[in-house]
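# Residue-level structural notes
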Amino acid sequence: MGRRRNLPIVALAMAVIAVQLLTAAAGKPQYLTQLTMAGYYSLVIVGLTLLMGYTGQISLGHAGFFAIGGYTSGLLTTYNLHPLIGQIPVSILQACGLLVSGKDLYGADLLVVRPWAACVVALLVTIGIAYLVGKPVLKLKGHYLAMATLGFGTIVYKVVLGSSLVGAADGISDIPAFPLFAGLVVTGKSALRAQNYYVAWGLVLGAMALLTNLIRSRVGRALRAIHGAEDAANAMGVDTGRYKLQMFVLSAALAALGGVFLTHYNGGIGPSEASVMKSVRYVAIVAVGGMANLWGALFMGVLLNFLSLRGSFGSYDDAVFGLILLAIMLFAPDGLLRAEFARRLPGLRRGQKAAP
Amino acid sequence: MSLALLFQYLVAGITYGTIYAIVAIGFNIIYNATGIINFAQGEFVMLGGMIGVTLRALLPMPVAIAGAVIATMLVGALIEMLFIRWLRRPSVLRLIIITIGLSIAIRELALLLWGEGVRALPYFTGTAVTSLSVGDVHISPQVLWVLGISAVMVAALNFFFARTLLGRQMRACACNREAAQLCGISAKNMVTLSFVLSAGIGALAGCVISPITYVQYDSGSSLALKGFTVAILGGLGNSMAAVAAGLLLGTLESFSIWVMPAAYKDVIAISILLLILFVRPSGLFGNAEAARLKDY
Amino acid sequence: MSLLVVKDLCKRFGGLQAVDNVSFAVASGSIKALIGPNGAGKTTLFNLIFGALLPDSGQVWFDGKQTDGWKPHQVAAAGMARTFQHIRLFPKMSALDNIAVGRHVHSRAGFLASMLGLPWTRREQRAVREKALEIMRFLGVEELADGEATSLAYGQQRIVELGRALACEPKLLLLDEPAAGLNMRETSEMAKLIARIRDTGVTVLLVEHDMTLVMNISDEVLVLSYGEKIADDKPLAIQKHPEVIKVYLGEDDA
Ligand SMILES: Nc1ncnc2c1ncn2[C@@H]1O[C@H](COP(=O)(O)OP(=O)(O)O)[C@@H](O)[C@H]1O
Ligand SMILES: [Mg+2]
């Protein structure tokens, strides 16, 4: 049984490898860049699928969490602490090995937070904010929830757009690479393209493994119950408030993880990552994927983000996602890749027959 | 801070607040008829302004404005008939996403038609520098136009809902759809009418405010968020309270420049929205029990 | 011994006193019926007992603990389960999954353990499924296990909802009009089922309009009218109670 469960993950892993080999064979390694970026966006999308499709809680603010992750890590790894050397907090950080020194473009001394530490802080900050925001917001339903999350997303956007600390309209640039371990580095250098592709998709695989486990579990069942009939779920003993909040925080953390990695990969981040249109785009992808269909959302996410990043939609990028959203909700509210279809795939079907 | 400056801020706040109130009333009209929050509400205001400016190039101003209002009403009717009317028992989530999709579609269409440029109708009376002075205080005549036309709109709407047969039919549908239908009222047509009305008042507001605030393809979304804040502040569905709430928000926002950089002006409004949603979703003037009864 | 004790419970909706100073007790192992005309406040009383509504005043004691002010999931964890007047099954989930949700309070895998797919969570999952199937067998509907719950026939949905509540292995079961919408045969089967559930040691408090069912299986009957308790007695005594005849039975017999 355990092996059958993992079949889709193994299949995805093989597809990831196959795609890399194909691009290499076809002499088009540049595609890997967009696929890497699409992978990081997929982290937002699969988390949002669980929150929206399974738990039934809409969020129009997930670009905000992506941006909080990216901006926090970007700011910490670029903010120069060198002038503050000698001050006690800086000395403590230095002693703990959390800082790293270097030279900026003009050869001036630079002392910034180590990417690992920045990444951890970015995740913790996002988790904290998601918790504080989610606690009151998730008590709301329907339009109120939609507007409140939209409001949150807009606040994040306006703040990053208005703060000169994070570069206002220009955003943060010259963000250093993120050395992981064993020589793996998150960076946009074209020499390390394949490596970075695998890093991104390794993360996606990990997230998919965790999330597919989750939807098949007691928690997944409770989440779907909340979606279907919240009061009845509550009466069956499900602490609905807590489950919604945990799911919200989990999806925010995934979004932030995508934000951190993509920011280091791109070497920069700008306010457009926090825009409401980005949040709407994530919602659109979840909807096309089939709402409660993790694999559908992943597939559509990669497809649409890849096309969008390659510039296939030209200047109609936002329009395309708006129209997709509209068309899907009008004509196929259960999504193009329906859950019924997905259930027929081997290994996805829940073992519903009694054990012999 | 001189008294005159204080007053200047107050006037600016009231002007913006009036527009927020009109947008909120637009939300309320559709909400009362359908239970839908129309996320494309701000786009009606933008369309009104844009079409008005375009027609102004060919026609005298009053005709251009009337044309803009009528055209936007048509858009409202089309939206309802093409995208809402035929849905069978749509979920709230679906309706939210559809109106969001519509707002994006309208915005992108506007970008296509009019580009990114910032436009405005000329001042109705005088120019940008014309002002009526009372002592140290200077008021642009356009402010008076905004206040006057908005007041007329609110009065006309009140008259419509209280006195005319059509208005009463709409109210009957809002109270009890089934019962109204039994009395021979077409609930579907009332819904279309609600979209037409709210598009119309949005468009008119968009025309009168455009000399002061300018209009751009994407100016709808921030207006929608403010308008929604005001609608919630006053209690969803309650239009008279929305006027008070609009003036309140406009003034608060205007004075917020004292304590915060102007870039964060929107943040104030949204923070108020979140705060109200968290502590008193029925609005400042609403009845908490009654608000919870509504089925979202 | 009383499993449930309700003391001076009051609930007002705007100008309407939906539950007016109601007190009663349900003896352990018994079936108590709650009857009264539509709008008498029966469902509201259920919601107050279960924590779905907060009482304006009064107390609820369940299994020796004061539970008013608790949230429904806390009440459920303490050993109470319910069904709803208007069926509230989980759509897009199989009947078996619906019933499995009822096992929530008897299992414990959280987010982290579930995501990691720890071996014990899988064992727990298997046990949950076994138990859910066992309940479906007890109810005689195991062949419905794979069907989508909300597409089943109405009577079957009622049974599945009952099964979901039973999966909580409750001490006290609240049934809100379990026979509403059922035909005569289904109703008498439901009556037998409720009696069998009582025989397994579960205490039952039920709202029902079907007088045959109520009189046949209840040990005691509580009558509510306009939020007030007007009688609380054995079924036979209730049938003779003058006020009950006036406000309730009289209406039906007329
Ligand atoms: N949430 C609520 N808000 C306002 N009034 C309610 C609410 N729930 C029930 N009521 C009213 O309280 C009264 C009792 O309702 P209910 O308990 O459902 O009666 P029953 O179940 O006995 O038919 C009815 O008049 C009903 O309209
Ligand atoms: Mg009832």
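Nothing here was measured: the structure is a model prediction, and the numbers come from that model. (Residues numbered from 1 in each chain as written. Chains lettered and ligands numbered in written order. Predicted model: local features only at pLDDT ≥ 70, side-chain atom pairs only at ≥ 80, totals over all residues. Heavy atoms only, no water.)

## Brief notes about the overall build of chain B
What counts, and what does not: Counting from the N terminus, the helices are the DSSP runs of H or I reaching at least four residues and the strands are the DSSP runs of E reaching at least two. Only C-alpha atoms enter the radius of gyration, while the globule expectation follows 2.2 Å times N to the 0.38, with N the number of residues. Relative accessible area decides the class of each residue, using a 1.4 Å probe on protein chains only: under 20% of the type maximum gives buried, over 50% gives exposed, and in between gives partly exposed. Any two residues whose heavy atoms approach within 4.5 Å are treated as being in contact. By the counting scheme adopted, Arg and Lys are positive, Glu and Asp are negative, and His together with the chain ends is not counted. Lys charges are placed at NZ, Arg charges at CZ, Asp charges at CG and Glu charges at CD.
Looking only at helices and strands, chain B features 12 helices and two strands. Relative to its length of 296 residues, chain B is compact, with a C-alpha radius of gyration of 19 Å against a globular reference of 19 Å. Here the C-alpha coordinates of chain B stretch approximately 60 × 50 × 35 Å along the principal axes. A total of 296 residues make up chain B; the buried ones form 50% of that total. Within chain B, contacts between residues separated by at least 24 positions form 76% of all contacts whose residues are at least 6 apart in sequence. Computed over 17 positive and 11 negative side-chain charges, the separation of the two mean positions in chain B equals 11 Å.

## Examining the pattern of salt bridges
The condition that has to hold: Counted as salt bridges are all cases of a side-chain nitrogen of Lys or Arg within 4 Å of a carboxyl oxygen of Asp or Glu.
All told, the structure shown has 22 salt bridges over all chains when counted by the stated rule. Of the charged contacts in the structure, one is a salt bridge between Asp317(A) and Arg281(A), with a shortest N-O distance of 2.6 Å. Placement of Asp317(A) in helix 14 (residues 317-331) and of Arg281(A) in helix 12 (residues 276-289) is noted, with a sequence separation of 36 residues between them. Per residue, the accessibility class of Asp317(A) equals that of Arg281(A), and both read buried. Note that Lys11(C) and Asp56(C) form a salt bridge whose closest N and O atoms lie 3.9 Å from each other. You can see Lys11(C) sitting in strand 1 (residues 2-13) and its partner Asp56(C) sitting in the loop between helix 1 (42-50) and strand 4 (57-62), a full 45 residues away along the chain.

## Overview of the interface of chain A and chain C
Note on interface size: it is often stated as the accessible area lost on association of the parts. Note the following rule: Joining two parts hides part of their accessible area as seen by a 1.4 Å probe, and the buried area is that hidden amount summed over both. For the purposes of these results, a polar contact is taken to be a pair of N or O atoms within 3.5 Å, where, inside protein, one atom must be able to donate a hydrogen and its partner to accept one; residues adjacent in sequence count only when each atom of the pair is a side-chain atom. Three categories are distinguished: nonpolar for Ala, Val, Leu, Ile, Met, Phe, Trp, Tyr, Cys and Pro, charged for Asp, Glu, Lys and Arg, and polar for the others, with Gly belonging to the last.
Tallying the contact residues gives 40 residues for chain A and 40 residues for chain C. Of the roughly 3400 Å² buried at the junction of chain A and chain C (both faces included), carbon and sulfur atoms supply 57%. On inspection of chain A and its partner chain C, the count reaches two salt bridges. Two residues, Arg88(C) and Asp231(A), come together in a salt bridge whose shortest N-O distance is 2.5 Å. Our count for the chain A to chain C interface comes out at 12 residue pairs in polar contact (both at pLDDT 80 or more). Secondary structure elements with two or more residues in the side of chain A that touches chain C: helix 1 (2-5), helix 8 (193-215), helix 9 (218-228), helix 10 (230-235) and helix 11 (240-266) of chain A. A per-element tally of the side of chain A that touches chain C places helix 9 of chain A first, with eight residues. Taken together, the residues that form the side of chain A that touches chain C break down as 19 nonpolar, nine polar and 12 charged.

## Digging into the coordination of the magnesium ion (ligand 2)
Residue and element names in this part refer to chain C. Selection criterion: The rule for donors is simple: N, O or S, within 2.8 Å of the metal, or within 3.2 Å if the metal is Na, K or Ca. Water isn't counted, so a site may look like it is missing partners.
Bound to the magnesium ion (ligand 2) are the protein donor atoms Thr43 (OG1) and Gln85 (OE1), situated 2.0 to 2.1 Å from the metal. Of this pair, threonine 43 sits in helix 1 while glutamine 85 sits in the loop between strand 6 (80-82) and helix 3 (95-101); the two residues are 42 residues apart in sequence, bridging distant segments of the chain. Overall, the relative accessible area of 25% leaves threonine 43 in the partly exposed class. Exposure remark for glutamine 85: the relative accessible area of 24% places this residue in the partly exposed category.

## Concerning the site of ligand 1
Just so we agree on the cut-off: Any residue with a heavy atom lying within 4 Å of a molecule or strand is counted as near it.
Residues in close proximity to ligand 1 total 12 residues, the closest being Gly39(C), Gly41(C), Lys42(C), Thr43(C) and Thr44(C). One chain alone does not account for the residues near ligand 1; they come from chains B and C. One nitrogen or oxygen atom from the main chain of Gly41(C) is found 2.9 Å from an oxygen atom belonging to ligand 1. The contact in question runs from an oxygen atom of ligand 1 to an N or O atom on the backbone of Lys42(C), over 2.8 Å. Among the elements of the structure, strand 2 (16-27) and helix 1 of chain C are those that each provide at least two residues to the shell around ligand 1.

## A look at the sheet that holds strand 2 of chain C
Residue and element names in this part refer to chain C. Heads up, the rule is: Should DSSP find at least two bridges between two strands, the strands are taken to pair.
The four strands are arranged 2-1-4-5 in an open sheet whose pairing can be described as antiparallel. Here the strands that pair on one side only, and so sit at the sheet edges, are strand 2 and strand 5 (65-66). Of the pairings in the sheet, the one linking strand 4 to strand 5 comprises two bridges and is antiparallel in character. Each residue of the ladder has a partner; that of phenylalanine 62, found in strand 5, is lysine 65.

## Considerations on a nonpolar patch on the surface
The cut-off we apply is this: Exposure above 30% relative accessible area and no salt bridge define the residues that can form patches, which grow by joining like charges within 9 Å and nonpolar side chains of Val, Leu, Ile, Met, Phe, Trp and Tyr within 5 Å. Areas reported here follow the Shrake-Rupley algorithm with a probe of radius 1.4 Å; residue values treat only the protein chains shown as occluding.
Side chains of Trp116(A), Val120(A), Leu124(A), Ile127(A) and Phe181(A) sit close together on the surface and give an oily, nonpolar patch of about 490 Å² of accessible area. Relative to the assigned elements, Trp116(A) resides in helix 6 (residues 115-137).

## Side note on the packing of aromatic side chains
Spelled out, the test is: Each pair of aromatic rings taken from Phe, Tyr and Trp, with Trp reduced to its six-membered ring, is defined by centres within 6.5 Å and is described as stacked if the planes are under 30 degrees apart, edge-to-face if over 60, and tilted in the remaining cases.
All told, the structure shown has 20 aromatic pairs over all chains when counted by the stated rule. Judged by centre distance (5.8 Å) and plane angle (75 degrees), the ring pair of Phe27(B) and Phe228(B) falls under edge-to-face. Placement of the pair is Phe27(B) in helix 1 (residues 3-34) and Phe228(B) in helix 9 (residues 220-234), with a sequence separation of 201 residues. Note on Phe228(B): relative accessible area 0%, which makes it buried. Pairwise contacts between aromatic rings join Tyr40(A), Trp116(A), Phe178(A), Phe261(A) and Tyr265(A) into one cluster.

## A closer look at the packing of helix 6 (residues 154-166) of chain C against helix 7 (residues 184-199) of chain C
Residue and element names in this part refer to chain C. What counts is decided by this rule: Fitted lines through C-alpha atoms serve as axes, helices being fitted only where they are in contact, and the angles separating the N-to-C directions of these axes extend from 0 to 180 degrees. Note that the term roughly parallel is reserved for angles under 35 degrees, roughly antiparallel for angles over 145, roughly perpendicular for angles of 65 to 115, and oblique for everything else.
Their axes nearest at 11 Å, the elements helix 6 and helix 7 cross at an angle of 10 degrees. Considering their axes alone, helix 6 and helix 7 lie roughly parallel with respect to each other. Of the residues in helix 7, those in contact with Gly155, Arg158, Ile159, Leu162 and Leu166 of helix 6 are Glu186, Met190, Leu193 and Ile197.

## Brief notes about the domain arrangement of chain A
Residue and element names in this part refer to chain A. The line we're drawing: An automatic or database domain assignment is the source of the domain bounds shown.
For chain A, the assigned domains are domain 1 (2-77 + 115-353) and domain 2 (79-113). Each of domain 1 and domain 2 was reduced to a C-alpha centroid, and the two centroids are 33 Å apart. Listed by partner, the interface residues are eight residues for domain 1 and five residues for domain 2. The contact between domain 1 and domain 2 buries some 530 Å² in all, and 67% of this surface belongs to carbon and sulfur atoms. Among the residues domain 1 hides against domain 2, the three largest losses belong to Leu76, Thr77 and Ala117. Together they make up 53% of the total. Among the elements of the structure, helix 4 (62-78) and helix 6 are those that each provide at least two residues to the side of domain 1 that touches domain 2. Each residue belonging to the side of domain 1 that touches domain 2 can be placed in one class, and the counts come to six nonpolar, one polar and one charged.

## What to know about the nonpolar core
Where we set the bar: We call a set of buried residues a nonpolar core when its members are Ala, Val, Leu, Ile, Met, Phe, Trp, Tyr or Cys and they connect through side-chain atoms within 4.5 Å of each other.
Counting 280 residues, the largest nonpolar core has Trp201(A), Phe261(A), Leu4(C), Phe24(C), Ile49(C) and Leu173(C) as its most contacted members. Excluding residues that lie within four positions of it along the chain, Leu4(C) makes contacts with Phe24(C), Ala25(C), Val26(C), Ile49(C), Val60(C), Trp61(C), Phe62(C), Met80(C), Leu172(C) and Leu205(C). Core analysis: the next-biggest nonpolar cluster, separate from the first, contains seven residues, Leu81(A), Val90(A), Val113(A) and Ala118(A) among them.

## Re the side chain of Asn98(C)
Residues and elements named next belong to chain C. Summarising the element assignment, asparagine 98 is placed in helix 3. At a separation of 2.8 Å, a polar atom in the side chain of asparagine 98 contacts the main-chain amide nitrogen of phenylalanine 90. Apart from the residues within four sequence positions on either side, asparagine 98 is in contact with Leu89, Phe90, Met93, Ala149, Val160 and Arg164.

## What about the pairing of strand 9 (residues 220-225) of chain C?
All names here are of chain C. Within strand 9, five of the six residues are buried, which leaves it mostly tucked inside the rest of the structure. Sheet topology places strand 3 (residues 31-35) next to strand 9; four bridges connect them, and they run parallel. Within strand 9, the position partnered with isoleucine 35 by the bridge is valine 223. As paired strands, strand 9 and strand 10 (residues 228-233) are joined by five bridges and run antiparallel to one another. If you follow valine 221 over to strand 10, its bridge partner there is aspartate 233. Linking strand 9 back to strand 10 in an antiparallel pair, the connection comprises two residues, with tyrosine 226 at a positive phi of about 45 degrees.

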